[in-house]
Every structure is written in C-alpha cells, then in structure tokens.
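Each chain, written out:
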Amino acid sequence: MKRFAIPGLLVVLLLAACTPTYRLVTVTPVPPATATEATALEPTAVEAAAVEATAVEATGVAAIPTEPATVEAATVQPSPAGEDAAGRNIALPVARGEFFTTSGQCAVCHINMTDESGADVSLDSQWRSSMMANAARDPYWQAGVRNEVLVNPGSASFIQDKCTTCHMPMARFTEYVHQREARLLDAGGLADPANDLHVLAMDGISCTLCHQIEADNFGEDDSFSGHYEINADLPAGERHAYGPFPIAENNLIVMQSVSGFVPTESSHVQESEMCGVCHTLYTPTIDAAGENVGEFAEQMVYPEWLASSYRDTDSCQACHTPAAQGGVVLSITGGEPRSPFMQHIFVGGNSYIPDLLRRHADELGLLASDAHVDATITAVNDPLTNRTAELTLDAVQVSGGRLQAEMTVTSLVGHKFPTSYPARRAWLHIVVTDGSGAAIFESGAFNPDGSIAGNDNDLDALLFEPHYEVIDSPEAVQIYEAIMGDTGGQPTTTLLSGAGYLKDNRLLPAGFDKAGATDNIAAYGAAVDDANFTGGADTLVLDIDLGEAPGPYTVTVELLYQSIAYRWAQNLARHDAFETERFLGYYNENPSPAGLVTSVTAAVE
C-alpha cells in the first residue's frame, strides 16, 4: 500500500504542474426509498444505474496510482421519483468516481431500517439533512471561504484547496491524488455544476469517504487537519468499506456487486481518532503583508476531548452518533440484527444551518424534505437542552440593599463548550424581578438581530467582553467564547488572520487540567487567573444594587447558545461578493437564534 505526505505549502506548486485527463460518467439520482420501492429494486437494476468506480483519500496523505491518472466526470440525469411533499426532487445522486461512490449508491440498500422501538434509523434518511451531508452546501462555509480569499488573495489557491479537504473531501481527494489543485469558487470551481467533480463535491462528507479511512496514522500529528489516509492502490471492485460488524459471505457478495466496495470488519471506525482527522484543524497565520508567519490552532475538538476525563468513558461517536435501541438489520438484503448500531444523525452544535438550508432549499440544492430537517433539528436540540450543561444558584441572599448569589455552570460534554468553529458562543442571561414582577436587572438579553445587549464585540468589531468573576451591572455579560487576535493584537473573524486567542473562556470539560494544558487547547484571557474557572465548571457571583425595588425577589439565569455570532456574520458585509452577500441576507432575515441550554430560578425575600 503506497502512501505519502506532501508538505502543505509545497502542494500548490506540485499540483499546478500536472494536468489530468477526464472520462465522462453518467450519474442517476436515487429517490428516497419507500418500502415498495425497496422491494422492487433488483441488483441488476442497481448495477445498470450505477457507474464505474475506483477510490480516493484526503488532505495530506495519499497514494499515487502507478497507472496513468484519470479523473471521473459526472452529469446528473433527471430523477423520475424522490420528491418531497412540495414536489421538489430530493433524490440522492448515484455516481461512481475513481475512488468513491456517492450516497445514493449506498442508499439503495441501507433503507427501511428500524430499531427495536420501531424508530426509523435508515442511513439515508438520517444523514441527508445532517451537516455532514451538507458540508459543501453550507452557505456560511461558502461565504467564509470567499471572505478568506478576499482578505488573503495571495493564498487563494491554498485556502480553497485546504477548505475543500474536509468539506468536499471526495472531490478534493480525487484532485489531490492526480496532483491537481482543488478550487471551490467561481467558474470551473467545484461549486460550479459544469465541473466534472461537482456531483462528488456536493455530496459532502459521504459514506465512502469515511468508511474508507485507514487507521494507520490515527491520533498522530500527521493525521490532523484532514490528513486522513485512504488506500488508493486497490482497484475498483476491491476497495474496502470498513464497518464494525462481521459480514456474512452472501451479504458481502451482494454489497461488492452493487456498490463496488468490499465490506470489511474493523473497529477503528468507532474510535475518536477517526473524527480527529478533520476535527483537529491547524491553519496558517497570514499577516497584513500577506506573509505566512506561523500556525494557529483553529479547531481542537479532538485534543480537548483527549484532555478530558471522557477519553476513558465516551468516544466521539458515543454522543454524536448515538446508539439505536437494540439490534438493527443493516440492509434490505437481510442479515442478523446488529447492536450497537450507531445512528448516522451526527448530532452537533448547529441546527441553524439546516434550518437555513430548508428555507432556501431550491437555491442551495438541499436533498432533504422538511420532515428530514425537522428530525435533524430535534436530534441536535435534544442533547443541547438536556445533556450539555447544568446551572445552579447558591448562597442567594439580600443584604444591605444588595442581592447576591453564586452562579455555577457545570459542563456535561467531553470538550470545550462551545467547541469547534470559533463563531459559536454561549452566555448567561440573568434577570432579577421584584415583588411586582417588574424586571429590575437584566444582563445578556438577546436582541432580534442576533446580537447580545451590552456585548462590546457586537457593538464594535475591535472590542470584546472580558471574562467576568462578578456580574454587577447590565453592561457586564458573561460570554463563553473564543476571540481570535491577528498579528497586530486586534480581534478578527478571518481565520487565516488568526495568530492566537485574545480570549478563550469556553467552558472546560470535566477532568481538564487548566494549569497544565498545552497551548493549543489552553484558556486565554482573564479566565486563566480565575480560580473558580476550572475543568468542568465556572462559578461567578451576581452582586447587584436593589435600589428601592420591593421584595420578594426572583433570580432567573439562563445559559443560551448561538452557533453563528452576530459579529461573525456582520463582518462579511465588508466584501462585495455573491457568497458573502447571500449569507448576510439570509442572516439578516433570520438571524442565528439563541438556543436555551439550561436555566435555574431562585426566590429570596
């Protein structure tokens, strides 16, 4: 098995030197299956609809075939079925590229799946409205890439190639194997339907990407930032599709015949290191002169988990692909029920983008119904509101005309909260009412435009709220967030301008050693010296003047969460570009909402 790694900055030069040849491949969308459709499908019909295949890898680790390189091209034919309730075509595409097939090919058999409770756990119905499926369609991601390119035009090629590594991995890996640079934007880019790899690109983080990843470099530094390994030497029809269960010979033959992949048992698909290849992301730091001056730890989900006590009890998959109830038959071809079956709903911290995709389904090409999106949003919001954090109020008292209380936020998740993309934030919304029910104090109110009242950063892009130990005025707002700083020490929302964190007081997971944390996952700002900001919790004091307000008093504290903060959206207005203007229009019409994580109320005389 041949593999090699190419240093990131050398990739651009090497890719530019090669020109691949192309071969046209027909693509037929596959409709969302119903029970009758499933039983009507014959293997010969599937094979006739499918296309010829080969395989792919990811960002920095690939194997170059010994034979002359070709890049699959694809066209999408009209689908006779697969419409949602509004008559919109939501058929998943069926295409075979050199190293991958698209999701519709897998959905042919992995449908009509139910667990022992009777719940639908079909792979296609759960995955298609997830952020994984829509990683390429995400209008905020596309706007973000455009922003990065406009701010750093000298790094435009690198930016697009890097960003497509984990958002359009099948297409990008195909380009990478053939020493060709992946480009997202403008005419001829992967987002352009005329591009030969557009179908693979828009299928996002699809089945045959993840299920081909090898475990050889798991947990190593050279696996991060999308440097996953896929064996590019295996010929079409013999490529592995890894899964956690043993496969009966008859089912193996059917899957190999229909999909072109050989189901192969391996437990590595259940390891957190599988997720860590993309959910550990380092990006270069570009200064104002356009020079690469360092490296920035942009998203450290896997290292945060590794530094928590959850590394000994819960994998990433345990929470983000929760187990179905009891055994599940994995295919319409039959077989024994398998357990635990990890559902492909990919719970995360973002229900906002699925809702935007639904609102603008035709424009963005969403291949999911309203019911699919509703299920995804419910799946995201349930753990967010029930298993993410707890709030307590202690030592609530009135003395000398002042109300005082201790507020403790306890994290229940295995990484920082919020984690991943630094646009996310959580904050405390505190309201105190008097005996008449009138509000006499409020901190952290959420505004209709998506901003937080009293938050300096929402008012001024160059300011931000510090970490607080005491809340004593409405202007003091405890926001758990990461504020990036550029090489000049100014706040920035441009990822490649990030040189470090001016503030990072995101809630730490249980077991996290704040004092001993490495630089890439450390806390930054005033939280570092706060003795009550520790692994697993933050305790702060409410201390307000009651004035002449009559008692008794009621204190209500909410922990709220927003997946795309106001400043991160509004900074896109600096650019006159289609992607940035489109997303900002979406945001201004329907701002990223404030989701309730948890709340607590206490009364005092």
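Residues numbered from 1 in each chain as written. Predicted model: local features only at pLDDT ≥ 70, side-chain atom pairs only at ≥ 80, totals over all residues. Heavy atoms only, no water.

**Details of the overall build of the protein chain**
The condition that has to hold: What counts as a helix is a DSSP run of H or I of at least four residues, what counts as a strand is a run of E of at least two, and both are numbered from the N terminus. Remark: exposure states derive from per-residue accessible area (1.4 Å probe, protein chains only) relative to the maximum for the residue type, with buried under 20%, exposed over 50%, and partly exposed in between. Residue contacts are defined here by distance: any two heavy atoms, one from each residue, within 4.5 Å place the two residues in contact. In this description, accessible areas are obtained by the Shrake-Rupley approach with a 1.4 Å probe, and a residue is regarded as covered only by the protein chains that are shown.
From N to C terminus, the protein chain includes 20 helices and 25 strands. Per-residue burial over the protein chain gives 56% buried out of 605 residues. Counting only contacts in the protein chain whose residues sit at least 6 apart along the sequence, the fraction spanning at least 24 positions is 71%. Total accessible area on the protein chain stands at roughly 23500 Å², and carbon and sulfur atoms take up 54% of it.

**Quick word on the state of the cysteines**
This is how the line gets drawn: When two cysteine sulfur atoms are found within 2.5 Å, that pair is recorded as a disulfide.
For the coordinates displayed, the defined rule picks out 1 disulfide. With a sulfur-sulfur separation of 2.1 Å, Cys166 is cross-linked through a disulfide to Cys278. Taking the torsion about the sulfur-sulfur bond, which here is approximately -85°, the covalent link between Cys166 and Cys278 counts as left-handed. Placement of the pair is Cys166 in helix α7 (residues 156-167) and Cys278 in the loop between α12 (272-276) and β11 (280-286), with a sequence separation of 112 residues. Its relative accessible area of 23% is what places Cys278 among the partly exposed residues. Free of any disulfide, Cys210 has its nearest neighbouring cysteine sulfur in Cys278, separated by 7.8 Å. The exposure class assigned to Cys210 is partly exposed, which follows from its relative accessible area of 21%.

**Topic: the sheet that holds strand β21 (residues 500-504)**
To be explicit about the condition: In this scheme, strands are said to pair when DSSP sees at least two bridges between them.
In spatial order, the strands read β20-β19-β21; together these 3 strands make up an open sheet with antiparallel pairing. Bordering the open sheet on either side are β20 (491-492) and β21, each of which pairs with just one other strand. In the sheet, strand β19 (residues 482-485) pairs with β20 via 2 bridges, with the strands oriented antiparallel. Note on β20: the bridge partner recorded for Gly485 is Pro491.

**Concerning the pattern of salt bridges**
A pair can form between side chains of opposite charge whenever their charged atoms are brought close. Rule in force here: Salt bridges are counted wherever a side-chain nitrogen of Lys or Arg sits within 4 Å of a carboxyl oxygen of Asp or Glu.
Applying the stated criterion to the full structure yields 15 salt bridges. Across the pair Asp124 and Arg128 runs a salt bridge, and its minimum N-O distance is 3.3 Å. Across the pair, exposure class does not vary: Asp124 and Arg128 are buried alike. The residue Arg358 makes a salt bridge to Asp374 at a minimum N-O spacing of 2.3 Å. One end of the pair, Arg358, is in helix α15 (residues 352-359); the other, Asp374, is in helix α17 (residues 370-386), with 16 residues separating them in the sequence. With relative accessibility at 39%, the residue Asp374 sits in the partly exposed group. Sharing partners across several salt bridges, the network here consists of Asp355, Arg358, Arg359 and Asp374.

**Comments concerning the nonpolar core**
A general feature of soluble globular proteins is that nonpolar side chains tend to end up buried together. What counts is decided by this rule: Here, the term nonpolar core denotes a set of buried Ala, Val, Leu, Ile, Met, Phe, Trp, Tyr and Cys residues that are joined through side-chain atoms within 4.5 Å.
Ranked by internal contacts, the top residues of the largest apolar core, which has 63 residues, are Phe100, Tyr140, Met168, Ile353, Ile564, Trp568 and Phe583. In terms of nonpolar packing, the next biggest core, distinct from the first, is built from 34 residues, Leu393, Tyr480, Leu540 and Tyr561 among them.

**Here we look at the side chain of Ser308**
The condition that has to hold: Polar contact is the term for a pair of N or O atoms within 3.5 Å; when the atoms are in protein, one must be able to donate a hydrogen and the other to accept it, and sequence-neighboring residues count only if both atoms are side-chain atoms.
Position of Ser308 among the secondary structure elements: in the loop between α13 (301-306) and α14 (316-320). At 2.7 Å, the side chain of Ser308 and the backbone oxygen of Trp305 are in polar contact. Excluding residues within four positions of it along the chain, Ser308 makes contact with Gly414, Pro509, Ala510, Gly511 and Phe512.

**Points about helix α11 (residues 249-259)**
Counted only if it meets this: Summarising the geometry, the arc corresponds to the directions from the helix axis toward the C-beta atoms.
Those residues of α11 that sit buried are Asn251, Leu252, Val258 and Ser259. One side of α11 carries all its buried residues, which in axial view fall inside an arc of 145°. More than 90 degrees from the buried face of α11, the exposed residues found are Glu249 and Asn250. Immediately downstream of α11, the backbone of Gly260 shows phi near 85°, a positive value.

**Observations regarding the packing of aromatic side chains**
Stated precisely, the cut-off is as follows: Two aromatic rings, drawn from Phe, Tyr or Trp (for Trp, its six-membered ring), form a pair once their centres lie within 6.5 Å of each other, and the interplanar angle then sorts them: stacked below 30 degrees, edge-to-face above 60, tilted otherwise. Remark: a charge is flagged as sitting over a ring if the NZ atom of Lys or the CZ atom of Arg is within 6 Å of the ring centre and within 35 degrees of the ring normal.
Here the structure, examined in full by the defined rule, presents 13 aromatic pairs. Both rings, one in Phe100 and one in Phe173, keep their centres 5.9 Å apart while their planes meet at 75°; by these two values the pair is edge-to-face. Taken together, the residues span a long stretch of sequence, with Phe100 in the loop between β6 (98-99) and α4 (103-107) and Phe173 in helix α8 (residues 169-177) at a distance of 73 residues. For the pair shown, Phe100 and Phe173 are each scored as buried. Where Phe583 meets Tyr587, the ring centres are 6.1 Å apart and the plane angle is 50°; that geometry is what we call tilted. Within this pair, Phe583 and its partner Tyr587 are both found in helix α20 (residues 578-589), separated by 4 residues, close to a single helical turn. A single burial state applies to Phe583 and to Tyr587, both of which are buried. Among the aromatic side chains, those forming a connected cluster through ring pairs are Tyr140, Tyr352, Tyr421, Trp568, Phe583 and Tyr587. Directly above the aromatic system of Trp427 lies the positively charged group of Arg425, at a separation of 5.7 Å from the ring centroid. Looking at Arg506, its charged tip hangs above the ring of Tyr501, at a distance of 5.7 Å from the centre.

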